[in-house]
Amino acid sequence: MATGSLPKPDARRKPHPTGTRVPVLVPLPFPGPLDYLAPEPLEPGELVSIPLGKREVVGCVWDRTSTVPSDFAAPPGREIALERLRPVGAKLDVRPLPHSLRRFVDWVAAYTLTPPGLVLAMATRIHLKDAPKPTLGWVRTEAPEGDLRMTPPRRSVLNVASEIPMSTADLSSKSGASSAVIRGLAAAGLLREALIPLTAPFATPDPGYGAPVLSEEQAEAAAHLCRPVRESRFEVTLLEGVTGSGKTEVYLEAVAACLDEGRQVLVLLPEIALSAQWTDRFIRRFGAAPAVWHSDLGQKLRRETWAAISDGSARVVVGARSALFLPFNDLGLVVVDEEHESAFKQEEGVMYHGRDMAVVRARLADAPAILVSATPSLETLANVETGRYRHELLTSRHGGAAMPDVELVDMRHDPPERGLFLSPVLCEAIETTLRAQEQAMLFLNRRGYAPLTLCRACGHRMQCPNCSAWLVEHRARGILTCHHCGHTERLPNSCPECHAENSLVPIGPGIERITEEAKMRFPDAKILVMASDTLGSPAATAEAVRRISDGEVNLIIGTQIVAKGWHFPNLTLVGVVDADLGLGGGDLRAAERTVQLLHQVAGRAGRAERPGRVLLQSYVGEHPVMTALVSNDFQAFMDQESAQRRPGFWPPYGRLAALIISAPDGAKADALAREIALAAPECKGVQVLGPAPAPLAVLRGRHRRRLLLRTVRGIAVQPLLRKWLADIRPAGGARVDVDIDPISFL
């Protein structure tokens, strides 16, 4: 071919594609972003529709360079040739995901060994593509009324209408006029159509609205919390204080400081049931409600709240752990209330701890984090001890209230009557409290009527067909149910094994059984039951709290929901029906969790001017947990717990990672568990325990085995696990789930 001549066209060659290669992360379990072809450059964070197989999904244009620590990052994949890439579809009309959120998604995915797309799914779990178009409403015009006769319905509509668009339904409801009246006013030019904005109107909280009068101790703690907020500096502080010491009021001063700086605030609560009372306190302090985020929100409100957080108009968000993945425009403060709560740990799907990831979220946003608790976790206390976290301590109850007296009821010496569960000592205390027109509370952390139902003729126990767990009787609904998989069946009249009639008997108490006994013993008591079975929504919880606060009930019976941060001024007696309940089994944190839970329950008593009293029914009064509760020396107990864990490198002085192997049958689960065990790493400072059947050996029809990786503190477990599992290929429906820093050992 002569110099300078052009090659002849090859009819077999496809024309070279034009466009830009863009990585797009999709909310599916791929190991990383997928490359697509965009006709023009797209910025990271843009949300786009893309073809995937035969369907179309929403993905996020991702960053080419990862920002996660090298210890956590997975090796890069192989690049696909440009001509094989499929084109990007439409760009969605929403704000891009912020850089700090994209970094957070990468970080959580790498730390938990989860495909990043599954983490992204938690950040975009709203129907972005199906978002409704803006709807039309009515606003009042400046046009003169002219000759139009002003009837009362017409006048009412004009009085209600304003410059803020209102739908026909809302305008009709608030004015009492029909839609025909509204259309008539529009025809006369007194109303005109206008777009109703999609974003929910979140009023801006006023930092100076209801500033409290703080004690000297509270004011000093608040000043320390506000300093890193005003400096936009990452710092983690543990705000510890006895129950009733005003911790919420103190950290709300840091919220006020963040609002003064024009930045956004995220407050995490362990249970959505707490959001109603917390929101009331927030409104009293700031004169406006926060945005609320939890699983009970409807899709429309979720979209509106998501958009308001993204554009910065929602300044304060209170929510469950999933709120960590919201697209904050300018996050300036993260608060984790009741940081010790195990409810912050997500046990399925992406297994992460909300408290720990909240600290990461704050660090990536250059914002301070505040961890709040009357009974901090040993992990948080260890970080205080090493100087990683600051520590602010509130030592006395607000307003001069005294801590309650805690007494042990030895059930070996003061047992209840046969077939009953409340001791004479506790019953007498309840009667005295009710006569004094005060409120009492009974606590039992067990739902239903009885945890076990067996046949007195043959000994058969009613068990879940899908799980290795007993069925729990719920007598009010006449059913037996599994609290692990949700299986439900009617309570039979005869034993399924021996067919003996009327032979099934309940064993042990649940909250329904205690309520039955309380109604028999205290017939004049006004009883309210607080459990997840009876309080199905935040609204129902708010109504229960109102009834207690207004004195409509005087005996509250509840599960762990009553242990949260409620403030009931007239509640003076707390009775714990079974203080030993959480101490059984081989759970590493059983004693720690029990002392935290019972300390929190006890803290509901005597929070105002009337002194409080707490009675713990126990068969093991000499247990360190009972000793700590009676002496009100939480720190001594945690020091003892720390001394027990430190020599064996148990958390927080070592690292744990659990491998949960599951399969449709036991033989497949055993085979895969043995294969994984044989490939286990062998190096200094690393120990592998198992495999062994999980305590819940069958769950939702799947057979489960567990291995536990334990290392000394300085070893990163992610590279070890990635190398260990690299050649493992589960087959036949088997699966391996990895839980970094496990909380539950079931």
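Residues numbered from 1 in each chain as written. Predicted model: local features only at pLDDT ≥ 70, side-chain atom pairs only at ≥ 80, totals over all residues. Heavy atoms only, no water.

Student: Would you mind going over the overall build of the chain with me for this structure?
Tutor: Counting its regular elements, the chain contains 19 helices and 28 strands. Against the globule reference of 27 Å for 746 residues, the chain gives a C-alpha radius of gyration of 30 Å, in line with a compact fold. For the chain, with 746 residues in total, the buried portion stands at 51%. Once local pairs closer than 6 in sequence are excluded, the contacts in the chain between residues at least 24 apart make up 76%. With an accessible surface of roughly 34,200 Å², the chain has 52% of that area assigned to carbon and sulfur atoms. Each charge class in the chain was averaged separately, 85 positive and 84 negative side chains, and the resulting centres sit 7 Å apart. (Helix = DSSP H or I, 4+ residues; strand = E, 2+ residues; numbered from the N terminus. Rg over C-alpha atoms; globule rule 2.2 N^0.38 Å. Buried < 20%, exposed > 50% of the residue type's maximum accessible area, 1.4 Å probe, protein only. Contact = heavy atoms within 4.5 Å. Areas by Shrake-Rupley, 256 points an atom, 1.4 Å probe, with all protein chains shown as cover. Lys, Arg positive; Asp, Glu negative; His and termini not counted. Charge placed at Lys NZ, Arg CZ, Asp CG, Glu CD.)

Student: Looking at this structure, how should I read the environment of Ala697?
Tutor: Checked against the element boundaries, Ala697 lands in strand E26 (residues 686–699). Look at Ala697 and you get partly exposed, because its relative accessible area is 21%. Separated by 230 residues in the primary sequence, Ala697 and Cys467 have C-alpha atoms spaced 7.5 Å apart. Excluding anything up to four places from it in sequence, Ala697 contacts Ser468, Arg702, His703, Arg704 and Arg705.

Student: Before we go on, may I ask you to explain the pattern of salt bridges in this structure?
Tutor: When charged atoms on two side chains of opposite charge get close, those side chains can pair. By the definition in use, this model includes 33 salt bridges. The partner of Arg390 in a salt bridge is Glu392, with the nearest N and O atoms 2.6 Å apart. In this structure, the salt-bridge partner of Arg613 is Glu407, at a minimum N-O distance of 2.8 Å. Taken together, the residues span a long stretch of sequence, with Arg613 in strand E24 (residues 613–618) and Glu407 in strand E14 (residues 405–410) at a distance of 206 residues. Taking relative accessible area as the criterion, Arg613 reaches 31% and is therefore assigned partly exposed. The class of Glu407 is partly exposed, set by a relative accessible area of 29%. Residues participating in the shared-partner salt-bridge network are Glu231, Arg233, Glu235, Arg390 and Glu392. (Salt bridge = Lys/Arg side-chain N within 4 Å of Asp/Glu carboxyl O.)

Student: Looking at this structure, how should I read helix H5 (residues 179–187)?
Tutor: One turn of the α-helix equals 3.6 residues, which is why residues spaced by three or four share an orientation. Every buried residue of H5 is accounted for by Val181, Ile182 and Leu185. All buried residues of H5 project into a common sector of 100° when viewed along the axis, lining one side. What points out from H5, more than 90 degrees from its buried face, is the exposed set Arg183 and Ala187. The first or second residue beyond H5 is Gly189, which carries a positive phi of 85°. (Arc of directions from axis to C-beta.)

Student: When you look at the side chain of Glu592 in this model, what are you seeing that I'm missing?
Tutor: Here Glu592 lies in helix H15 (residues 590–602). Judged by its relative accessible area of 3%, Glu592 falls in the buried class. In this view, Glu592 contacts Ser377, Leu378, Glu379, Phe637, Met638, Glu641 and Arg645; residues no more than four positions away in its chain are not counted.

Student: I would appreciate a short explanation of unusual backbone geometry in the present structure.
Tutor: Negative phi values dominate among residues other than glycine, just as trans dominates among peptide bonds. Omega for the peptide link from Pro651 to Pro652 comes to 10°, which places this bond in the cis form. Relative to the elements of secondary structure, Pro652 occurs in the loop between helix H17 (634–645) and strand E25 (654–663). Cis geometry marks the peptide bond from Gly690 to Pro691; its omega dihedral reads 10°. Mapped onto the secondary structure, Pro691 falls in strand E26. Phi is positive for His499, which is not a glycine, with a value near 65°. By secondary structure assignment, the location of His499 is in the loop between strand E19 (488–490) and strand E20 (504–507). With a relative accessible area of 55%, His499 lands in the exposed category. Positive phi outside glycine occurs at Asn502, with the angle close to 50°. Relative to the elements of secondary structure, Asn502 occurs in the loop between E19 and E20.

Student: How should the state of the cysteines be read in this particular structure?
Tutor: Covalently bonding the sulfur atom of one cysteine to the sulfur atom of another cysteine gives a disulfide. With the rule as written, the count across this model stands at zero disulfides. Cysteine Cys464 is unpaired, with the sulfur of Cys485 as its nearest cysteine sulfur at 3.6 Å. Cys464 sits in the buried class, given a relative accessible area of 5%. For Cys498, which is in no disulfide, the shortest distance to another cysteine sulfur is to Cys458 and amounts to 3.7 Å. (Disulfide = S-S within 2.5 Å.)

Student: Got a minute to help me understand the nonpolar core in this structure?
Tutor: The tendency in soluble globular proteins is for nonpolar side chains to be buried side by side. Ranked by internal contacts, the top residues of the largest apolar core, which has 147 residues, are Tyr251 and Val255. For this core, the element with the most residues is helix H7 (residues 247–260), which contributes nine residues. If we skip the residues at most four places from it in the chain, Tyr251 touches Leu225, Leu239, Val267, Trp278, Val335, Asp337, Ile370 and Val372. By size, the runner-up hydrophobic cluster in this structure holds 23 residues, among which are Ala440, Leu442, Ile514 and Ala518. (Core = buried A, V, L, I, M, F, W, Y, C linked by side-chain atoms within 4.5 Å.)

Student: Teacher, can you tell me more about helix H16 (residues 624–631) here?
Tutor: Taken as a whole, H16 has its buried residues at Val625, Met626, Ala628 and Leu629. Looking straight down H16, one finds that the buried residues subtend no more than 160° of arc, so they occupy a single side. Packing partners of the buried residues in H16 comprise E14, H15, E24 and H17. The first or second residue beyond H16 is Asn632, which carries a positive phi of 55°.

Student: Help me out: how do you make sense of the sheet that holds E14 in this one?
Tutor: Strand pairing in a sheet relies on backbone hydrogen bonds. The paired strands run either parallel or antiparallel. Ordered by their spatial adjacency, six strands build an open sheet running E14-E24-E23-E15-E22-E21, and the pairing between neighbours is parallel. For this open sheet the edge positions go to E14 and strand E21 (527–530), each flanked by a neighbour on one side alone. Strand after strand, the sheet turns through a mean of 20° between neighbouring axes, direction not considered. In this structure, strand E15 (residues 439–443) lies alongside strand E22 (residues 555–558), joined through four bridges in parallel fashion. (Pairing = 2+ DSSP bridges. Axes fitted to C-alpha atoms, helices over the stretch in contact; angles between N-to-C directions.)

Student: Looking at this structure, how should I read the side chain of Arg21?
Tutor: Examined against the element boundaries, Arg21 turns out to sit in strand E1 (residues 20–25). Its relative accessible area of 17% is what places Arg21 among the buried residues. In terms of polar contacts, Arg21 uses its side chain to reach the side chain of Asp35, at 2.9 Å. (Polar contact = N/O pair within 3.5 Å; in protein donor to acceptor, adjacent residues only side chain to side chain.)

Student: What exactly am I supposed to notice about the environment of Arg513 here?
Tutor: Take Arg513: it is sitting in helix H13 (residues 511–521). For Arg513, a relative accessible area of 15% puts it in the buried group. Spatially, the C-alpha atom of Arg513 lies 54 Å from that of Ser156, the residues being 357 residues apart in sequence.

Student: I'm lost on the sheet that holds strand E2 (residues 34–38) in this one. Help?
Tutor: Across the sheet, which stays open at both edges, the four strands sit in the order E2-E1-E4-E3 with antiparallel pairing between neighbours. Where the open sheet ends on each side, the last strands, each with one partner, are E2 and strand E3 (47–52). If you compare each strand with its neighbour and ignore which way they point, the axes differ by 55° on average. Relative to strand E4 (residues 55–61), E3 runs antiparallel, the two sharing six bridges.

Student: Where do I start with the pairing of E3 in this structure?
Tutor: A regular strand places its side chains on the two faces of the sheet in alternate fashion. Burial analysis of E3 places six of its six residues in the buried class, the great majority of the element. Alternating positions in E3 separate into two faces, Leu47, Ser49 and Pro51 on one and Val48, Ile50 and Leu52 on the other, with burial throughout.

Student: Looking at this structure, how should I read the packing of aromatic side chains?
Tutor: One pair of aromatic rings is described through two measures. These are the centre distance and the angle between the planes. Within the structure shown, the criterion is met by five aromatic pairs. Summarising the aromatic geometry, the rings of Phe282 and Phe286 are spaced 4.6 Å apart at their centres and angled 40° between planes, so their arrangement reads as tilted. You can see Phe282 and its partner Phe286 sitting in helix H8 (residues 275–286), four residues apart, about one turn around the helix. Per residue, the accessibility class of Phe282 equals that of Phe286, and both read buried. A network of ring pairs unites the aromatic residues Phe104, Phe325 and Tyr352 as a single cluster. In this structure, Arg285 packs its charged tip against the face of Phe286, placed 4.6 Å from the ring centre. Its end group placed over the ring of Tyr653, Arg646 keeps NZ or CZ at 4.3 Å from the ring centre. (Phe/Tyr/Trp six-rings, centres within 6.5 Å; stacked < 30°, edge-to-face > 60°. Lys NZ or Arg CZ within 6 Å of the ring centre and 35° of its normal.)

Keep in mind that these numbers describe shape and distance, not what the molecule does.
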